[in-house]
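# Chain and residue survey
Here is what each chain is made of, one letter per residue.
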Amino acid sequence: MLDLAIIGGGPAGLTAGLYATRGGLENVVMYEKGMPGGQITQSSEVENYPGITEVVTGMELMQDWPEQCMRFGLKHDMAEVVRVSRPEGPCFKVSLGDGSVITAKSVIVATGSTPKRAGFKGEDEFFGRGVSTCATCDGFFYRDKEVAVIGGGDTALEEALFLANICSKVYLVHRRDEFRAAPSTVKRVEENGKIELVLNAVPEEVYGDNMGVQGLKVKKRDSAETVDIPVPGVFVFVGNIVNNDVLKQEDGSFLCEVNEWGEVVVDLAMRTSEEGLFAAGDVRIMAPKQVVCAAGDGANAAIGAIAYVEHLKRENIC
Ligand code: FAD
Ligand code: NAP
């Protein structure tokens, strides 16, 4: 029986592992289906992690995190978790992809989220070299330059407003002439002198060279004309997949409360609605989707898990 099962080995899961093992929990296993590090390892430039004064790659940022955790006893199982359930009693069942089932006194879900891709030519090729899904992460690299934002939902419009504070101009490219975003947000965008709307426009291709992106071609739906937007940065906000599958039960319900977008509802201590189950990082509600925040969540959740497991031991439960 594990004291704690951590699902996901990104910044949230790794930090949870560090705090849980250093805080005295025994038998703590982090289930990570790939190499530990999380989605930040895809980034070629990180310059907003506190204390790291150089611009580093995501891989460089994360390379020592696993070793630090393992030193205090965290075990890594390179396995995919299929489901977390609690069929009876206080213990959780963690079902793995190979069919095996582990029992744990507490669980931290730190499975992250995945921004959707729009699917235009060059999007994958230039991802991290001019194509981005994170304005907070990459906006500063385009300070006083022009950028394009793709999407018409709340995220796209809010991020366009964020970028307009940094960049000289933001082209907001949307495939329809109506936005999904809240009317108040649409109004702020329409009133912002730095944002130019490019509507009824479907992204066709991002182009560039070895140095990165040079522009975006969009096809107008009303005229079939192709418009060239010569920008070095293209931000794609066309929706987000919350990696909450592990919480889905056989009957389709979730083990704990999630909001209408599938984000796990937590309180300020990263406790979910299910006692002993915590969520940390990008998978939770209102996640700022930053490494430093995910790491903070992981620490917070582990502190909660330690207290919960101590309570079980005191009461001789489990
Ligand atoms: P993730 O990092 O997404 O980690 C989740 C882990 O869970 C993954 O490793 C995944 O393999 C694993 N997992 C998922 N499901 C399962 C399962 N069922 N079983 C086992 N394992 C599972 N943030 C910044 O602060 N600064 C930046 O400059 C920055 N740049 C970015 C650039 C890019 C290209 C990207 C993609 C993101 C960037 N971010 C940046 C955002 C940052 O990476 C995330 O906010 C952060 O990684 C979230 O951490 P997490 O631990 O919550 O989730
Ligand atoms: P979203 O609401 O699903 O919007 C995605 C946008 O991308 C849509 O405008 C869609 O166009 C467009 N799109 C999708 N696929 C595309 C493609 N292949 N090419 C070009 N455009 C494409 O996603 P979101 O903005 O990330 O928001 C997700 C949820 O979180 C929403 O419910 C939103 O309200 C919520 N949210 C709320 C807040 C807030 O309340 N402050 C902030 C952020 C997000 P169409 O409109 O034509 O489909």
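Keep in mind that this is a model prediction, so the values were computed, not measured.

Moving on, we get to the packing of helix 1 (residues 11-22) against helix 7 (residues 291-314). If you want to describe how two helices pack, look at the angle between their axes and the distance between the axes. Where helix 1 meets helix 7, the closest approach of the two axes is 7 Å, and the angle between their N-to-C directions is 40°. Crossing handedness for the pair helix 1 and helix 7: right-handed. Of the residues in helix 7, those touching helix 1 at Pro11, Ala12, Thr15, Ala16, Tyr19 and Ala20 are Val291, Ala294, Ala295, Gly298, Ala299, Ala302, Ile303 and Ile306. Across the contact of helix 1 with helix 7, the residue classes tally to twelve nonpolar, two polar and no charged.

Moving on, we come to the site of ligand 1. In the vicinity of ligand 1 lie 31 residues, with Glu32, Asn48, Val81, Asp282 and Val291 positioned nearest. Note that a nitrogen atom of ligand 1 is positioned 3.2 Å from one of the backbone N or O atoms of lysine 33. Contact distances for ligand 1 include 2.9 Å between a nitrogen atom and a backbone N or O atom of valine 81. Against a free-state accessible area of 990 Å², the protein chains account for coverage of 93% of ligand 1. Going through the elements one at a time, helix 1 and helix 7 are the ones with two or more residues in the shell around ligand 1.

Parameters and conventions
Residues numbered from 1 in each chain as written. Chains lettered and ligands numbered in written order. Predicted model: local features only at pLDDT ≥ 70, side-chain atom pairs only at ≥ 80, totals over all residues. Heavy atoms only, no water. Axes fitted to C-alpha atoms, helices over the stretch in contact; angles between N-to-C directions. Helix = DSSP H or I, 4+ residues; strand = E, 2+ residues; numbered from the N terminus. Left-handed = near helix turned anticlockwise from the far one by under 90°. Contact = heavy atoms within 4.5 Å. Nonpolar A, V, L, I, M, F, W, Y, C, P; charged D, E, K, R; others polar. Near = heavy atom within 4 Å. Polar contact = N/O pair within 3.5 Å; in protein donor to acceptor, adjacent residues only side chain to side chain. Areas by Shrake-Rupley, 256 points an atom, 1.4 Å probe, with all protein chains shown as cover.

Bear in mind that shape data such as this cannot, by itself, settle questions of function.
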